[in-house]
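Chain by chain, the residues run as shown.
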Amino acid sequence: EEWLLPPFLGEMGVEIEFFLASVEPYLRSGWKIPARRPQLYPRGTAFYDEELFAKIDTLIKQYQAKAIVSRLMLPFPALGPINLSIENSEWKVELRINKEQQQAIIKIREFEKELKKIVGERILTPTRPITLWDDFLTTVHNPYNDPFGLSSLYALKPSYLPPDYSEGPDIYVDHIGVQLRRYREPNRNSDVAYVLKRAQEASMLLGKPILIYGHPNGTVHPEGYPTTLELSQKRTEPLLTTELKALRTCAIMFAPNSGWADLMAWLNVPTFVEKVECKNQFYRLRTYKTRMAELRADMSMEELVIDLFSARERLPDDSHCQEPFQWYQMPGAANPYFR
């Protein structure tokens with residue numbers, strides 16, 4: 001009988017940076033996994049389970065959950081003062097929370113129970129071994145206690161590239177790729193006019209046309225430009241499949257600071273990243289040995305392109321990425337012996 005892993009329900013960037021490589025040993029051993037983005041996994045190991053994800057999406061909508069890091073997270077009231085008393089002689093601990101927090105915790109447990117039931121009915125069989133992912137991927141994200149939080153500070157690189165990217169003939173001419181983010185966080189959304197202006201400059205400089213990437217539910221498709229969505233419809237194949245094939249001939253990608261940029265790092269597509277507020281966050285992508293730079297307004301496109309291609313490896317403001325992240329100095333580090 002076929003053994004299935006639970007689906008990854010977190011952010012695309014974390015799936016690329018951490019999860020794919022972490023479950024690769026299972027997949028090499030014959031396991032399979034239902035996935036929202038099966039194209040990112042080794043060929044034949046992942047599949048889109050429409051019925052399963054329909055049930056999960058209904059549950060997500062019911063509880064207003066959203067993808068955070070590796071898992072789903074529910075709304076939770078701000079933590080106020082917590083009354084804590086300890087009786088050392090008997091090692092008793094009393095922790096008091098307010099009624100609103102108590103109700104939120106009960107709701108979280110109800111959500112987890114429903115999620116575990118939905119996933120369990122799909123993947124559990126009499127002979128299937130229990131894995132470390134079963135409980136982790138079906139519980140709500142806890143920012144104060146993520147067992148993989150510290151282990152995934154640097155990206156884990158899979159031993160493969162997506163099959164649709166690495167296999168088969170090219171499907172598009174050499175081009176400038178652009179993705180324009182439009183999602184639930186306005187401060188992270190793309191400045192459409194500005195990014196298009198810089199992409200047009202790159203197009204003129206390199207003599208290559210512009211191709212717009214992204215799903216219309218989360219990105220902007222400006223008029224007058226060819227899109228991967230149109231291309232995928234002509235080819236009658238999933239959008240991500242078409243985009244991975246098109247990325248083979250992408251000379252430069254203009255990407256929002258999102259999971260799309262992480263995908264470019266994995267595929268080693270030279271990339272300009274928009275809205276780089278915290279440059280230190282890019283240290284985690286050093287594993288990929290990629291070329292990525294901030295889309296800076298104070299430099300001409302010629303200067304930006306020369307700077308991007310002059311180094312074998314490049315990250316936004318690379319000087320900030322020289323020292324390893326001092327995780328053992330973090331408040332509440334997972335291992336108390338390193339505090």
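The coordinates are above.
Everything in this summary refers to the structure shown in the same document. (Residues numbered from 1 in each chain as written. Predicted model: local features only at pLDDT ≥ 70, side-chain atom pairs only at ≥ 80, totals over all residues. Heavy atoms only, no water.)

With that settled, consider the packing of helix α2 (residues 50-63) against helix α3 (residues 99-123). Packed helices, taken two at a time, are described by their axes: the angle between them and the distance between them. One can describe the packing of α2 onto α3 by two numbers: an axis separation of 10 Å at closest approach and a directional angle of 175°. One way to sum up the angle between α2 and α3 is to call them roughly antiparallel. Along its contact with α2, which presents Leu52, Lys55, Ile56, Leu59 and Tyr63, the element α3 presents Lys107, Glu110, Phe111, Glu114, Leu115, Ile118, Val119 and Arg122. Here the residues of the contact of α2 with α3 sort into 8 nonpolar, no polar and 5 charged. (Axes fitted to C-alpha atoms, helices over the stretch in contact; angles between N-to-C directions. Helix = DSSP H or I, 4+ residues; strand = E, 2+ residues; numbered from the N terminus. Parallel < 35°, antiparallel > 145°, perpendicular 65-115°, else oblique. Contact = heavy atoms within 4.5 Å. Nonpolar A, V, L, I, M, F, W, Y, C, P; charged D, E, K, R; others polar.)

Moving on, we come to the nonpolar core. Residues Tyr41, Trp133, Leu247, Met253, Trp260, Leu263 and Trp266 are the most contacted members of the largest nonpolar core, which totals 49 residues. Broken down by element, the residue count for this core peaks at 8 residues, all from helix α1 (residues 12-28). Leave out the neighbours within four places in its chain, and tyrosine 41 touches Phe8, Glu15, Phe19, Leu20, Val23, Leu27, Ile33, Ala35, Ala46, Tyr160 and Pro163. Among the nonpolar cores identified, the runner-up in size contains 20 residues, and Leu180, Ile212, Phe254 and Leu304 belong to it. (Core = buried A, V, L, I, M, F, W, Y, C linked by side-chain atoms within 4.5 Å. Buried < 20%, exposed > 50% of the residue type's maximum accessible area, 1.4 Å probe, protein only.)

Taken together, Phe76, Ile97 and Ile105 make up a surface patch of nonpolar side chains, about 220 Å² in accessible area. Within the element layout of this structure, phenylalanine 76 appears in the loop between β4 (71-73) and β5 (83-87). Assessed through its relative accessible area of 35%, phenylalanine 76 is described here as partly exposed. (Patch = residues over 30% accessible without salt bridge, like charges linked within 9 Å, V, L, I, M, F, W, Y side chains within 5 Å. Areas by Shrake-Rupley, 256 points an atom, 1.4 Å probe, with all protein chains shown as cover. Salt bridge = Lys/Arg side-chain N within 4 Å of Asp/Glu carboxyl O.)

This brings us to the pattern of salt bridges. Within the structure shown, the criterion is met by 21 salt bridges. Arginine 235 is the salt-bridge partner of glutamate 237, the closest N and O atoms lying 2.7 Å from each other. Since its relative accessible area comes to 17%, glutamate 237 is described here as buried. A network of salt bridges, in which partner residues are shared, links Glu17, Asp262 and Arg284.

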